[in-house]
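Listed here are the chains, written in short residue letters.
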Amino acid sequence: MAQRYVRVQSQTGQLHYGLLRPDRSVQVLDAPPWLQGQPTDMELSADSYAMLAPCAPSKVVAIGKNYAARAIEMGTTTPAEPLLFIKPSTAVIAAGAPIYYPTQATQIDYEGELAVVIGTRCAHVPPDEAHAKIWGYTIANDITARDLQQRDDQWTRAKGFDTFCPLGPWIVRELSPGARLQTFLNQRAEPVQSASVEDMTYSPDYLVAYISEIMTLLPGDVILTGTPAGSGPMKVGDQVRVEIEGIGGLSNTVALRPQER
Ligand code: MG
């Protein structure tokens with residue numbers, strides 16, 4: 001099993017990066033692993049921490065229509081260049097955390113996606129050097145208020161609500177060639193999305209180089225590489241699980257937001 005890198009909060013409120021062991025205990029690192037964090041003597045037992053999203057990105061750069069079948073499903077064609085948008089860092093939530101259904105929306109959709117975690121500061125990175133800038137891979141769900149996306153000329157509102165970027169549960173260093181990405185709703189055996197990550201038009205390496213010509217990517221930043229065909233709506237109470245072969249599964253449940261604060 002691949003090494004699993006996590007970020008957790010201890011019972012005393014301390015945040016730690018660490019290595020998740022098969023018995024679910026966490027060996028604590030003294031810094032984020034992409035900043036050369038080293039193992040410490042500290043260990044957290046399985047019942048003594050809460051799992052957080054595995055990194056805390058300064059920004060999440062997302063790609064639209066990066067699978068041809070998804071572009072066709074949207075009634076469009078594959079863009080001639082990657083189509084970029086930003087999800088705010090405040091949208092990121094951990095595996096298991098609730099996705100809140102906004103009162104402004106009438107349709108919110110799941111979009112299972114491969115997420116790339118940047119390890120090294122990147123500006124103007126040549127394509128042949130881009131792979132070395134990727135520290136690892138995790139799973140994301142690019143939650144989208146579809147009615148608002150269709151109503152607005154740009155996507156910031158539709159993609160930017162708090163809780164609209166489930167991420168995790170952990171990071172692995174390598175992506176299995178041809179890994180299958182599947183999304184499941186409510187324990188149904190049949191996936192609602194199923195594709196190989198190799199079906200994406202613009203590869204993770206290509207995207208790192210392309211984005212780095214526009215904005216500097218910082219260690220811990222995340223790129224969402226687009227969703228395959230089959231994105232669809234969820235209602236309050238639905239459980240959504242995105243699985244990627246060789247990484248694991250990211251589950252979240254749709255809920256009503258508690259009293260506004
Ligand atoms: Mg998406």
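Definitions and limits used
Residues numbered from 1 in each chain as written. Predicted model: local features only at pLDDT ≥ 70, side-chain atom pairs only at ≥ 80, totals over all residues. Heavy atoms only, no water. Donors = N, O, S within 2.8 Å, 3.2 Å for Na, K, Ca; no water. Helix = DSSP H or I, 4+ residues; strand = E, 2+ residues; numbered from the N terminus. Buried < 20%, exposed > 50% of the residue type's maximum accessible area, 1.4 Å probe, protein only. Pairing = 2+ DSSP bridges. Disulfide = S-S within 2.5 Å. Domains from an automatic or database assignment. Contact = heavy atoms within 4.5 Å. Buried area = accessible area lost by both parts, 1.4 Å probe. Salt bridge = Lys/Arg side-chain N within 4 Å of Asp/Glu carboxyl O.

### Structural notes on the coordination of the magnesium ion
Protein-derived ligands of the magnesium ion are Glu111 (OE), Glu113 (OE) and Asp142 (OD), with the metal-ligand distances lying across 2.0 to 2.1 Å. Read N to C, the donor residues that coordinate the magnesium ion are spaced as E-x1-E-x28-D. One end of the pair, Glu113, is in strand E11 (residues 112–118); the other, Asp142, is in the loop between strand E12 (134–141) and strand E13 (144–145), with 29 residues separating them in the sequence. Relative accessible area serves as the criterion here: at 0%, Glu113 is assigned to the buried category.

### Topic: the sheet that holds strand E18 (residues 232–234)
In space, the three strands of this open sheet follow the order E13-E10-E18, with antiparallel pairing throughout. Here the strands that pair on one side only, and so sit at the sheet edges, are E13 and E18. As paired elements, strand E10 (residues 108–110) and E13 share two bridges and run antiparallel to each other. Bridging across to E13, Asp109 finds its partner in Thr144.

### Topic: the state of the cysteines
A covalent bond between the sulfur atoms of two cysteines is referred to as a disulfide. Scanning all chains against the criterion turns up zero disulfides. No disulfide involves Cys55; its nearest neighbouring cysteine sulfur is the one of Cys165, lying 9.1 Å away. Judged by its relative accessible area of 1%, Cys55 is buried. Here Cys122 is not disulfide-linked; the sulfur of Cys55 is the nearest cysteine sulfur, at 14 Å. For Cys122, a relative accessible area of 0% translates into the label buried.

### Details of the domain arrangement of the chain
As assigned here, the chain comprises domain 1 (4–51) and domain 2 (60–260). Spacing between the C-alpha centres of domain 1 and domain 2 amounts to 25 Å. Contact residues are listed per partner, giving nine residues for domain 1 and twelve residues for domain 2. At the boundary of domain 1 with domain 2, total buried surface from both sides reaches about 890 Å², with 71% on carbon and sulfur atoms. Ranking the residues of domain 1 by area buried against domain 2 places Arg4, Tyr5 and Trp34 at the top, with a combined share of 69%. Between the two partners, domain 1 and domain 2, sit zero salt bridges.

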